[in-house]
Amino acid sequence: MKQICKIAVVLMMCLLCSIQVWGYAYYFEENGFQFIFRLSDFWDSPEAKVLDVRVFLNHVADEELVFPSYVNYNGRAFTVMTVGSNKSSFSEGYGKKGSYENVKKIKLPTKIYDIGDFAFYNATNLAEINIPPRVTKIGRSAFEGCEKLEDINLPDSLYYIGSQAFYGCPALKEVVLPAKLSELGGGAFAGCNNLSSITVAPGNENFQSPSGSNVVLNRDGTILLTGCSNSKIPSTVKEIDNYAFRGFSALESMDIPQGVEIIKYKTFADCENLKRVNFEPNAVLSSVGESAFSNCTSLES
């Protein structure tokens, strides 16, 4: 009964205010941002938190976009903890219909821990962003299509990078994956044409990057998860994963070690300047995935 009364009061508030309800969350818009709360946070949390904050649909942000650290509502201060943290940021057009078209620099709140799916999708002019030290997750396609993003510092706290998180960031040149990273989505760095260095920080228990290889391998070194335009495949590799070298237009040749057995889906797709793929003698290759070399228009041998 107590919970029913609380919900009834919230619904009455929504009739009187500009708040709108989504299931167990509600939101309001202020100064170009949309703030989303859980109902339970509003009533019960000793430290009220914002479930999500993002630039709302059809609002075009300025060149420098500073996300608020907190928002005051109805006499309470709500701390911003996540940014763009659900799929609707893509499906409903957030970040897709021009919200970020002018943005060159973004400053995120220091207390956030999650950068959600499609958070900054297609922010084509974004060149600078700080990733706060508490961030643990970067969602799917969070920075996809950020064509001018040259540098990204991944914090030590980060344990998850979603699929295609940095897909199509051609200005990105160097990536160091932190020691706590435990999940790396497929194609996370595909299409980063000028990426010439990718390594794993010392102490990582899930991934490795042998010296001079510029690839990311699983812990036992048998699966190559992602590479770059300057990669050398280690002799321990038996499988090259989906999208591992997709869209690296600077890649011109690749030597495949004798022990590689499987090349998976779209592994080298869209490498338009790839001319030669050299297999070592006595190669044991047994499987090549669909579209593994699709759109490799310069391939000679």
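Note that this is a predicted model, so its numbers are computed, not measured.

Peer 1: Which residues make up the packing of aromatic side chains, and what values do they have?
Peer 2: For the structure on display, the rule yields nine aromatic pairs. In this structure an aromatic cluster arises from ring pairing among Phe67, Phe120, Phe143, Phe166 and Phe189. Between the NZ or CZ atom of lysine 137 and the centre of the ring of tyrosine 160, over which it lies, the distance is 5.3 Å.

Peer 1: Mind laying out the sheet that holds strand E19 (residues 216–218), listing which residues take part and the relevant values?
Peer 2: Taken in spatial order, the six strands line up as E18-E19-E20-E21-E23-E25 in an open sheet, and their pairing is mixed. The sheet is open, and its two edges are formed by strand E18 (207–208) and strand E25 (287–288), each paired on a single side.

Peer 1: If you had to explain the pattern of salt bridges to someone new, which residues and values would you point to?
Peer 2: Under the criterion given, the structure shown has five salt bridges. The partner of lysine 264 in a salt bridge is glutamate 239, and the shortest N-O contact between them spans 3.5 Å. Remark: glutamate 239 occurs in strand E21 (residues 239–240) and lysine 264 occurs in the loop between strand E23 (262–263) and strand E24 (276–279); sequence separation between them is 25 residues. With its nearest N and O atoms 3.0 Å apart, the salt bridge here joins arginine 246 to aspartate 270. Pair noted here: arginine 246 is in the loop between E21 and strand E22 (253–256) and aspartate 270 is in the loop between E23 and E24, with a separation of 24 residues, a long-range link. What makes arginine 246 buried here is its relative accessible area of 13%.

Peer 1: Requested: an account of the pairing of strand E8 (residues 76–80), with residues and values cited.
Peer 2: In this sheet, E8 lies alongside strand E7 (residues 70–73) in antiparallel orientation, the contact comprising four bridges. For tyrosine 70, the partnering residue across the bridge sits in E8 and is threonine 79. In this antiparallel pair of consecutive strands, E7 and E8, the connection spans two residues, and asparagine 74 shows a positive phi of 55°.

Peer 1: Pulling in residues and values, what's your account of the nonpolar core?
Peer 2: Counting residues in each nonpolar core, the largest one holds 70 residues, and the members touching the most others are Phe120, Phe143, Ile161, Phe189 and Phe245. Counting only elements with at least two residues in this core, the list comes to strand E3 (33–38), E7, E8, strand E15 (174–177), strand E17 (197–200), E19, strand E20 (223–226) and E22.

Peer 1: Could you give an account of the sheet that holds strand E10 (residues 105–107), naming the residues involved and the relevant values?
Peer 2: Two pairing modes exist for strands in a sheet, parallel and antiparallel, and in both the strands are linked by backbone hydrogen bonds. The strand order across the open sheet formed by three strands is E6-E10-E12, and the pairing between neighbours is parallel. In this open sheet, the two edge strands, each paired with only one partner strand, are strand E6 (64–66) and strand E12 (128–129). When E6 meets E10, the two strands line up parallel, connected through three bridges. When the bridges of E10 are listed, glutamate 64 appears paired with lysine 105.

Peer 1: Describe the environment of glycine 289, naming the residues involved and giving the relevant values.
Peer 2: Structurally, glycine 289 is set in the segment after E25. As for glycine 289 and tyrosine 265, which are separated by 24 residues in sequence, their C-alpha atoms are 4.5 Å apart. Here glycine 289 is in contact with Ile263, Lys264 and Tyr265, once residues within four sequence places are set aside.

Peer 1: Go over the state of the cysteines, please, and point to the residues and values.
Peer 2: By the definition in use, this model includes zero disulfides. Unpaired in terms of disulfides, cysteine 296 finds its nearest cysteine sulfur in cysteine 271, a separation of 5.1 Å. Since its relative accessible area comes to 10%, cysteine 296 is described here as buried.

Rules used throughout
Residue numbers restart at each chain and count upward from 1, following the sequence in its written direction. Confidence filtering applies because this is a predicted model: local features only for residues at pLDDT of at least 70, side-chain atom pairs given and counted only at 80 or more, and all residues used for totals across whole chains, interfaces and linings. The basis for the side-chain values is all heavy atoms of the structure; hydrogens and waters are excluded. Between rings of Phe, Tyr and Trp, where Trp is taken as its six-membered ring, a pair exists when centres lie within 6.5 Å; planes separated by under 30 degrees are stacked, by over 60 edge-to-face, and by other angles tilted. For a ring to carry a charge above it, either NZ of a lysine or CZ of an arginine must fall within 6 Å of the ring centroid while also lying within 35 degrees of the normal to the ring plane. Two strands qualify as a pair provided that DSSP identifies no fewer than 2 bridges between them. For the purposes of this entry, the term helix denotes a DSSP run of H or I that reaches at least four residues, the term strand denotes a run of E that reaches at least two, and both are numbered from the N terminus. Any carboxyl oxygen of Asp or Glu within 4 Å of a side-chain nitrogen of Lys or Arg constitutes a salt bridge here. Think of it in three bands: residues with accessible area under 20% of the maximum for their type are buried, residues over 50% are exposed, and the middle band is partly exposed, with areas taken using a 1.4 Å probe on protein chains only. Here the nonpolar core consists of buried residues drawn from Ala, Val, Leu, Ile, Met, Phe, Trp, Tyr and Cys, with membership extended through side-chain atoms lying within 4.5 Å. Here a residue-residue contact requires only that any non-hydrogen atoms of the pair lie within 4.5 Å. Only a pair of cysteine sulfur atoms within 2.5 Å counts as a disulfide in this structure description.

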